[in-house]
Amino acid sequence: MTNIFGDLRYALRMFARNPGFTAVAVLSLALGIGANTAIFTLLDAIVLKMLPVEEPERLAVFGQGMGRGFNGSDDPVTRSNALYSHPLYRDLRDGNGIFETIAAIGSIDFTVYVRDPDAPSGTLPEAADARLVSGNYFEVLGVRPALGRAIHSDDDKTGGASQVIVLSHGYWQRRFASDPNIVGRNLLVNGQSYAVIGVAPKGFRGETVGWDPDMWTPLAMQAEISRMEPMLEDREMSFLLLVGRLKPGVDVQQASAAMTLHFQQALRAEAGGELSPEREQRLAERRVEITPGHEALSVLRREARAPLFLLMSVVALVLLIACANVANLMLARAASRRKEIGVRLALGAGRGRLIRQLLTESLLLSITGGIIGLMLAPWAMHLLVSMVYGGEQTLPLDLDPNPRVLGFTCAISLLTGVLFGLAPALRSTRLDLAPTLKVNARGTIGEPSRFGLSKSLVVAQVAVSLVLMVGAGLFIGSLQNLRNLDLGFRPDNVLVFQLDPRGAGYQQEQLPPLYRRVLDSVRAVPGVESASLSFRTLLSGARRSESVAVEGYTAERDEDNAIRIIHVSPDYFESVGMTLLEGRAIDDRDREGSAPIVVVNQQFAERYFKGRRALGGHIRFGDLSAPSAEIVGVVANAKYNEMREDAPEAAFVPVFQRPEFIESLDIRAARDPAALTSEVRRVLSEVDRNLPIREVTTLQAQVDRRLSPERLVATLTSFFGLFALLLASIGLFGVMSYAVSRRTSEIGIRMALGAESGSVLWMVLRESLWLVVIGAVAGLAASVASTRLVAGLLYELSPTDPVAFTASAMVLMGVAAIAAYIPARRAARVDPIVALRYE
């Protein structure tokens with residue numbers, strides 16, 4: 001320990017004597033380690049972290065847990081098993097010998113309006129997110145509340161349900177200032193009194209990564225919380241996700257086989273009677289896939305896994321370049337200490353003792369860089385999150401440092417210290433003492449180390465930086481393709497209000513008068529060109545589908561006839577800028593009592609009316625005994641949910657003919673849409689001051705939000721590519737500057753013998769450019785070899801796009817030439833007299 005402390009004191013003194021070297025080395029490492037820590041923290045929170053529950057490895061999910069929303073089907077044989085009905089959940093829960101118990105969870109959170117009865121008179125309710133769960137939900141997860149008790153089975157009995165809620169820890173802190181007496185109080189939720197029975201533990205946000213409910217309430221309260229029709233006894237309505245706790249010794253393969261049999265038996269009993277051989281075969285094909293549930297459910301994980309692993313690879317390469325730079329600095333510093341090391345060896349110091357001293361210096365640098373990087377990581381991480389959401393939202397994740405993140409930072413700090421410190425330590429202690437102890441030891445052009453470790457590191461830096469720059473060029477090109485994509489609508493100058501009629505207590509039959517008052521009031525606002533209502537704004541991610549039957553079209557066996565249904569008001573196509581190709585749009589003629597009509601998109605017409613004209617055709621929705629609707633118009637295809645997906649078959653239904661709870665008020669403005677916000681708010685409050693406005697945005701912002709992952713990847717790869725190029729250029733500059741300083745005497749001799757400054761300039765430049773060319777060739781080869789890793793993230797762009805490769809190589813060569821020119825120019829200006837006296 002005495003020797004270790006002595007080595008540390010000596011290293012600190014050496015660094016204090018060379019503050020410039022120390023600052024550059026520590027800053028390079030801090031940026032590299034900080035970037036790695038920031039990306040790893042996001043990767044850990046989204047992909048790696050287990051649920052903070054009891055024995056998470058015994059949890060299992062039915063399916064992938066990716067289903068969301070409501071799925072109605074009257075045929076049990078063909079019903080999707082991404083979501084489950086409540087009666088089917090009871091069938092699967094009861095009598096199975098595989099799970100200790102199975103919990104059901106509503107697949108979407110519902111917006112509820114909460115008011116404290118003790119609040120001052122006139123206080124408006126506040127919006128909150130409520131999740132419906134079965135009575136055994138907290139028991140299955142093994143979660144114990146921080147205060148009070150959890151929901152249990154007695155709270156989840158239909159007909160005699162208790163109106164109880166469990167608050168999330170975050171909502172309890174934000175809304176009630178961590179009031180320890182919250183348990184036992186009553187809150188008005190959607191106008192009804194609910195008793196607060198508990199507060200969830202800190203850090204528990206439920207079973208799904210990326211969701212952050214404010215409260216949990218029993219499934220028995222589904223109709224009251226959702227303000228929709230009761231669904232708990234409806235076998236045709238699937239809206240639940242299922243999570244179970246496996247019995248000890250049971251694995252997911254056994255559970256899949258057993259629950260598949262149980263599932264088929266439940267569907268057979270529901271179908272009733274004798275099944276035809278064809279339906280029996282289709283029933284036998286239905287399976288339940290049980291997957292591990294310890295990592296939680298997450299659509300976010302599926303979407304973010306590939307970009308995060310890609311960014312993790314990028315920052316790891318940047319850290320390698322930083323290590324190469326510091327290694328070059330250490331090599332140059334070791335060369336300046338050759339005489340010191342030679343004297344110590346001559347006095348009897350062992351080589352191992354000197355290697356330990358030099359490694360101590362390297363580790364001290366890397367640990368200092370790691371500490372600073374860990375301090376920078378939270379800032380960088382929150383910057384990344386704000387880039388993803390454009391500063392409009394926060395990601396509901398626990399991004400605080402945890403032991404795994406701290407362990408990762410410590411590990412890469414120690415690894416980088418060894419990585420950049422070992423080679424210089426080994427090389428600097430392998431000395432021939434006799435020439436080392438001489439007064440002069442000039443470098444010459446014929447030195448055997450002409451292409452030594454320092455230059456090899458520069459070649460590696462150039463190659464890696466080119467790989468990163470090519471990747472950045474590809475992602476920028478892909479993002480540009482998405483930005484230039486024909487969306488099928490015009491998002492410019494469209495203001496979007498997200499309304500919630502349910503939150504104001506409106507019933508289905510009260511919707512048409514409300515919608516007319518809203519539209520009439522908003523259309524009268526100066527600067528409004530058109531206004532309309534729709535189920536959800538375009539590219540919001542929400543969708544509604546129904547099966548259809550089209551006159552004159554015979555569906556094939558197992559053909560999926562579900563299409564996108566979009567309820568809209570008159571002027572919808574004008575408001576969002578869709579193009580009407582044939583017929584007419586939905587207008588004021590399409591109201592209650594008028595003949596049912598529908599407008600379809602081009603994709604629908606091409607699929608169901610091949611070689612026929614769609615106008616005048618008839619289709620039926622859902623219940624095929626319902627009256628058919630006549631197709632009166634065809635609009636151009638558009639992007640409804642995902643920008644990368646092909647246009648689905650879609651039908652636009654007049655909301656006044658089929659009243660639905662719609663949420664999006666789309667307003668096309670004659671000028672900047674944001675300037676209309678306050679005036680539209682005012683007229684909406686005049687229509688109904690209790691009508692909740694959940695969000696105000698623009699359609700362009702909605703489009704930009706869908707591009708957030710691509711923009712994040714393109715921005716970060718560009719930043720790190722340029723940062724890597726800067727590090728590589730600094731490395732090239734440093735190596736060539738050191739080489740010139742070592743060869744000052746040689747250059748003086750050359751110039752004294754008649755060499756022109758131009759020839760000296762070209763000599764140094766040629767040596768530098770050879771390093772760059774070798775690195776560029778290696779980088780291009782590595783880029784081509786790695787293109788398959790990024791091909792899936794690109795949009796309508798070849799992973800070997802010549803523009804990206806050529807532009808990256810040209811930028812690299814240009815920057816490297818500038819970095820090499822500075823030491824070459826200095827060499828060309830050497831005074832021969834001064835050079836010949838140079839020590």
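Just so we're clear, the structure is a prediction, and the values are computed from it rather than from any experiment. (Residues numbered from 1 in each chain as written. Predicted model: local features only at pLDDT ≥ 70, side-chain atom pairs only at ≥ 80, totals over all residues. Heavy atoms only, no water.)

A closer look at the overall build of the protein
Tallying secondary structure elements over the protein gives 24 helices and 24 strands in all. When each of the 839 residues of the protein is scored for burial, the buried share is 51%. In the protein, the share of contacts with a sequence separation of at least 24, taken over all contacts with a separation of at least 6, comes to 83%. Surface summary for the protein: the accessible area is close to 36900 Å², and the carbon and sulfur share equals 57%. (Helix = DSSP H or I, 4+ residues; strand = E, 2+ residues; numbered from the N terminus. Buried < 20%, exposed > 50% of the residue type's maximum accessible area, 1.4 Å probe, protein only. Contact = heavy atoms within 4.5 Å. Areas by Shrake-Rupley, 256 points an atom, 1.4 Å probe, with all protein chains shown as cover.)

Concerning the packing of helix 7 (residues 252-271) against helix 8 (residues 277-284)
Packing of helix 7 against helix 8 leaves a shortest axis separation of 10 Å and a crossing angle of 145 degrees. When helix 7 is examined against helix 8, the residues Gln264, Leu267 and Arg268 are found in contact with a partner set consisting of Glu280, Leu283 and Ala284. Here the contact of helix 7 with helix 8 is built from residues that sort into three nonpolar, one polar and two charged. (Axes fitted to C-alpha atoms, helices over the stretch in contact; angles between N-to-C directions. Nonpolar A, V, L, I, M, F, W, Y, C, P; charged D, E, K, R; others polar.)

Describing unusual backbone geometry
Although it is not a glycine, Asn190 sits at a positive phi angle of roughly 55 degrees. With respect to the element layout, Asn190 can be found in the loop between strand 8 (186-189) and strand 9 (192-199). Of the residues examined, Asn190 reaches a relative accessible area of 21% and is grouped as partly exposed.

Points about the pattern of salt bridges
Counted under the stated rule, the structure contains 32 salt bridges. One salt bridge connects Asp109 with Arg131, and the closest N-O pair in it is separated by 2.9 Å. Residue Asp109 is located in the loop between strand 3 (99-106) and strand 4 (110-115), and its partner Arg131 is located in strand 5 (residues 126-133); the two are separated by 22 residues in the primary sequence. Looking at Asp109, the relative accessible area reads 23%, which means it is partly exposed. Asp179 is the salt-bridge partner of Arg185, the closest N and O atoms lying 3.3 Å from each other. A single salt-bridge network, built from bridges that share partners, covers Arg584, Asp587, Arg589 and Asp590. (Salt bridge = Lys/Arg side-chain N within 4 Å of Asp/Glu carboxyl O.)

Here's the deal with the packing of aromatic side chains
Counted under the stated rule, the structure contains 18 aromatic pairs. Ring geometry for Phe138 and Phe204: centres 6.3 Å apart, planes at 55 degrees, overall tilted. One end of the pair, Phe138, is in helix 4 (residues 137-141); the other, Phe204, is in the loop between strand 9 and strand 10 (215-218), and 66 residues separate them in sequence. Across this residue pair, the class does not change: Phe138 and Phe204 are buried. Aromatic side chains Tyr572 and Phe573 sit 5.8 Å apart centroid to centroid with 70 degrees between the ring planes, which places their arrangement in the edge-to-face category. Neither Tyr572 nor Phe573 differs from the other in exposure class; each is buried. (Phe/Tyr/Trp six-rings, centres within 6.5 Å; stacked < 30°, edge-to-face > 60°.)

Some words on helix 5 (residues 169-176)
Among the residues making up helix 5, those that are buried are His169, Tyr171, Trp172 and Phe176. Seen from one end, helix 5 has its buried residues packed into an arc of 165 degrees, which puts them on one side. Just downstream of helix 5, Ala177 is the residue with a positive phi angle, here 50 degrees. (Arc of directions from axis to C-beta.)

Quick notes on the packing of helix 15 (residues 511-523) against helix 18 (residues 677-687)
To describe two helices that pack against each other, one gives the angle between their axes and the distance between the axes. Across the interface, helix 15 lies against helix 18 with an axial gap of 9 Å and an inter-helix angle of 145 degrees. Handedness of the crossing formed by helix 15 with helix 18: right-handed. Residues Leu514, Arg517, Val518, Ser521 and Val522 of helix 15 lie in contact with helix 18, whose contacting residues are Val680, Val683, Leu684 and Val687. Of the residues assigned to the contact of helix 15 with helix 18, the class counts are seven nonpolar, one polar and one charged. (Left-handed = near helix turned anticlockwise from the far one by under 90°.)

Here we look at the nonpolar core
Ranked by size, the top nonpolar core spans 67 residues in total, and within it Phe489, Met578, Phe652 and Leu732 carry the most contacts. The residues touching Met578, leaving out its near neighbours within four places in the chain, are Gly488, Phe489, Leu538, Tyr572, Phe573, Ala638, Tyr640 and Phe652. (Core = buried A, V, L, I, M, F, W, Y, C linked by side-chain atoms within 4.5 Å.)

Topic: the confidence of the model for the protein
Per-residue confidence for the protein averages 83 on the pLDDT scale, and 90% of its residues sit at or above 70. A low-confidence stretch, residues 441-449 stays under pLDDT 50, and its non-local contacts, those more than four residues away or across chains, total 17 contacts. (pLDDT = per-residue confidence, 0-100.)

Looking at the pairing of strand 10
Alternating residues of strand 10 divide into Met215 and Thr217 and Trp216 and Pro218, and every residue in both groups is buried. Here four bridges tie strand 5 to strand 10, and the two strands are oriented parallel to one another. In the strand pairing of strand 10, Leu132 is matched with Thr217. Relative to strand 10, strand 7 (residues 164-167) is paired through two bridges, and the arrangement is antiparallel. The partner of Val166 across the bridge, within strand 10, is Trp216. (Pairing = 2+ DSSP bridges.)

So, the environment of Gln265
In this fold, Gln265 is placed in helix 7. In the structure, Gln265 is positioned 18 residues away from Leu283 in sequence and 9.4 Å away in space, judged by C-alpha atoms.

Observations concerning the pairing of strand 22 (residues 650-654)
Of all five residues making up strand 22, five are buried, and the element is well covered by its neighbours. Burial of strand 22 is two-sided: the residues Ala650, Phe652 and Pro654 facing one way and the residues Ala651 and Val653 facing the other way are all buried. Across five bridges, the pairing between strand 17 (residues 562-568) and strand 22 is parallel. Bridging from a neighbouring strand, Ile566 pairs with Phe652 of strand 22. In the sheet, strand 19 (residues 597-601) pairs with strand 22 via two bridges, with the strands oriented antiparallel. Following the sheet pairing, Val600 is matched in strand 22 by Ala651.

Quick notes on a nonpolar patch on the surface
Together, Leu27, Leu31, Ile372 and Leu376 make up an exposed nonpolar region whose accessible area comes to about 310 Å². Within the residue set of the nonpolar patch, elements represented by two or more residues are helix 2 (19-48) and helix 11 (351-389). Mapped onto the elements, Ile372 comes out in helix 11. A relative accessible area of 33% means that Ile372 is categorised as partly exposed. (Patch = residues over 30% accessible without salt bridge, like charges linked within 9 Å, V, L, I, M, F, W, Y side chains within 5 Å.)

So, helix 14 (residues 453-483)
Counted at 1.5 Å a residue, the expected span for helix 14 with its 31 residues is 45 Å, and the 45 Å between its end C-alpha atoms agrees. In terms of burial, helix 14 is a largely internal element, 22 of the 31 residues being buried. (Expected span 1.5 Å × (residues − 1).)

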